[in-house]
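Take a look at the letters that make up each chain.
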Amino acid sequence: MNRRLFLQTAGVLAAASCWSAAWAAAPIKVAVMIPQSGPAGMFGPASRASAELAAERINARGGILGRPVELLFGDAGLPPAEAAQAALRLWKGQGAVALVGQHDSAVRGAIAGMLKGKIPFIYTPVNEGGSCAPGVYAIGETPQQQLAPVIPWLASQRQPKKWYLIGNDYVWGRNTHAAAKTYIAQTGAEIVGEEFLPFTVDNFDASLARIRDSGADAVLVSLVGGASVSFNKAFASFGLADQALRLGTLIEENTLAGMGAANARNLYSSAGYFANLETPDAKEFAEAYASRFGAQAPMMSGIAESTYEGLLALEALANQAGSLEVAAMDAASDGTRYRGPRGEVTFGGRHVAQDIYVAEVGEHGFRVLETFTSVPAGQDCKV
């Protein structure tokens, strides 16, 4: 090789090497849609902090597919169509190649419909199941996970015979009740009342009178946010806490703080995570969160923590697939595992098997009474 050709070749190789290095170091932009306004806005600060902590820890161990993670935040507290437009701007306008969403089902549907499986979408909170669209991976607790082991456990511990079901009138509440009816019937108990209320209801006197008159000794509460707070405070003031136990599948630390522990006697909650869990994984996360954000850290809850899990899920799926392409991730998703604050989580059918905890409210907040390990999601989505 003559000297001129050698120098030209060396120059091309050097340029290619620099280009490859620059590409390898280019960040993976992840859109994180969390409620920053509206009724669920109270979950926004801790959700953002959880996502930031996850990204920092992922980057400290080399990023995703060797590239650092850069978070782009959008407001999922907007009406569904507006939230989908905010997600679109992060995707098309700012170059997000994956999305992590912590928001309600209506917003999930709008975003999934807009994305059409073009980029992976990790949906993190409690959900009704059935998230079967290509590229959508739901890691939150399903009604089957929260109720299938817990209702029989309550039957063995408390022997309730008459259940009353009350929730908000949308898909999550209705699917939760449908699942609960099956498990309640298997215990030999009966349903003595059921109602679905609009999100705008803030007076529960008529409902509480019906619960009292029904003779119910157990109430399933599938109300959301402020409605749950108002209902549970009124429930206690009606003197019903001594008549009936309550089981909630969306009663977490913020909801408990709103209602007050004094109004939560005889109240149980079923979830995949509580902020005061004593497992090694949960304690390690709590210590890292407190160290990172200090005394002013936003209140942690299962809903906010799910955003942290969303980044871990994206990392695990991408590493298993060797790609962020939806087709590759779908093909590799079943059996993919990761370990986070909830313990070991395993994908199957675009949902996950995970540990479920049942807690009772005590003097110092939630007190976990029982753990059910690797509970399947009860979903039949085909990948």
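Residues numbered from 1 in each chain as written. Predicted model: local features only at pLDDT ≥ 70, side-chain atom pairs only at ≥ 80, totals over all residues. Heavy atoms only, no water.

### A word on the pairing of strand 3 (residues 98-101)
In step 1: The alternating pattern of strand 3 places Ala98 and Val100 and Leu99 and Gly101 on opposite faces, both of which are buried.
In step 2: The pairing of strand 1 (residues 28-34) with strand 3 spans four bridges and is classified as parallel. Opposite alanine 31, over in strand 3, you have leucine 99 as the bridge partner.
In step 3: Alignment of strand 3 against strand 4 (residues 121-123), held across three bridges, turns out to be parallel. By the bridge assignment, glycine 101 is partnered in strand 4 with tyrosine 123.
In step 4: The handedness of the strand 3 to strand 4 crossover, carried by helix 4 (residues 105-115), is right-handed. (Buried < 20%, exposed > 50% of the residue type's maximum accessible area, 1.4 Å probe, protein only. Helix = DSSP H or I, 4+ residues; strand = E, 2+ residues; numbered from the N terminus. Pairing = 2+ DSSP bridges. Right-handed = clockwise from strand over helix to strand, strands pointing away.)

### Overview of the state of the cysteines
In step 1: With the rule as written, the count across this model stands at one disulfide.
In step 2: Here cysteine 132 is linked by a disulfide to cysteine 381, with a sulfur-sulfur distance of 1.9 Å. What sets the handedness of the cysteine 132 and cysteine 381 disulfide is the S-S torsion sign, and at about -70° it is left-handed. Remark: cysteine 381 occurs in the segment after strand 14 (365-375) and cysteine 132 occurs in the loop between strand 4 and strand 5 (136-138); sequence separation between them is 249 residues. (Disulfide = S-S within 2.5 Å.)

### As for the environment of alanine 244
In step 1: Following the sequence through the fold, alanine 244 ends up in the loop between helix 9 (226-237) and strand 9 (245-248).
In step 2: Judged by relative accessible area, which is 1%, alanine 244 ranks as buried.
In step 3: Sequence spacing of alanine 244 and methionine 42 is 202 residues, and the spatial spacing of their C-alpha atoms is 29 Å.

### Some details on the pattern of salt bridges
In step 1: The tally for this structure, following the rule as stated, stands at 18 salt bridges.
In step 2: Linking arginine 61 and glutamate 315 is a salt bridge whose minimum nitrogen-to-oxygen distance equals 2.9 Å. With arginine 61 in the loop between helix 2 (44-60) and strand 2 (69-75) and glutamate 315 in helix 12 (residues 302-321), this pair connects stretches of sequence that are 254 residues apart.
In step 3: A residue is classified by how much of its surface remains accessible, and arginine 61, at 49% relative accessible area, is partly exposed.
In step 4: Residue class for glutamate 315 comes out buried when judged on its relative accessible area of 11%.
In step 5: One network of salt bridges, with partners in common, ties together Glu141, Glu305, Glu309 and Arg342. (Salt bridge = Lys/Arg side-chain N within 4 Å of Asp/Glu carboxyl O.)

### A look at the nonpolar core
In step 1: Val30, Leu71 and Leu311 are the most contacted members of the largest nonpolar core, which totals 55 residues.
In step 2: If you tally residues by element for this core, the top one is helix 12, at nine residues.
In step 3: Leucine 311 has contacts with Val30, Ala51, Ala54, Ile58, Val69, Leu71 and Val100, leaving out every residue within four places of it along the chain. (Core = buried A, V, L, I, M, F, W, Y, C linked by side-chain atoms within 4.5 Å. Contact = heavy atoms within 4.5 Å.)

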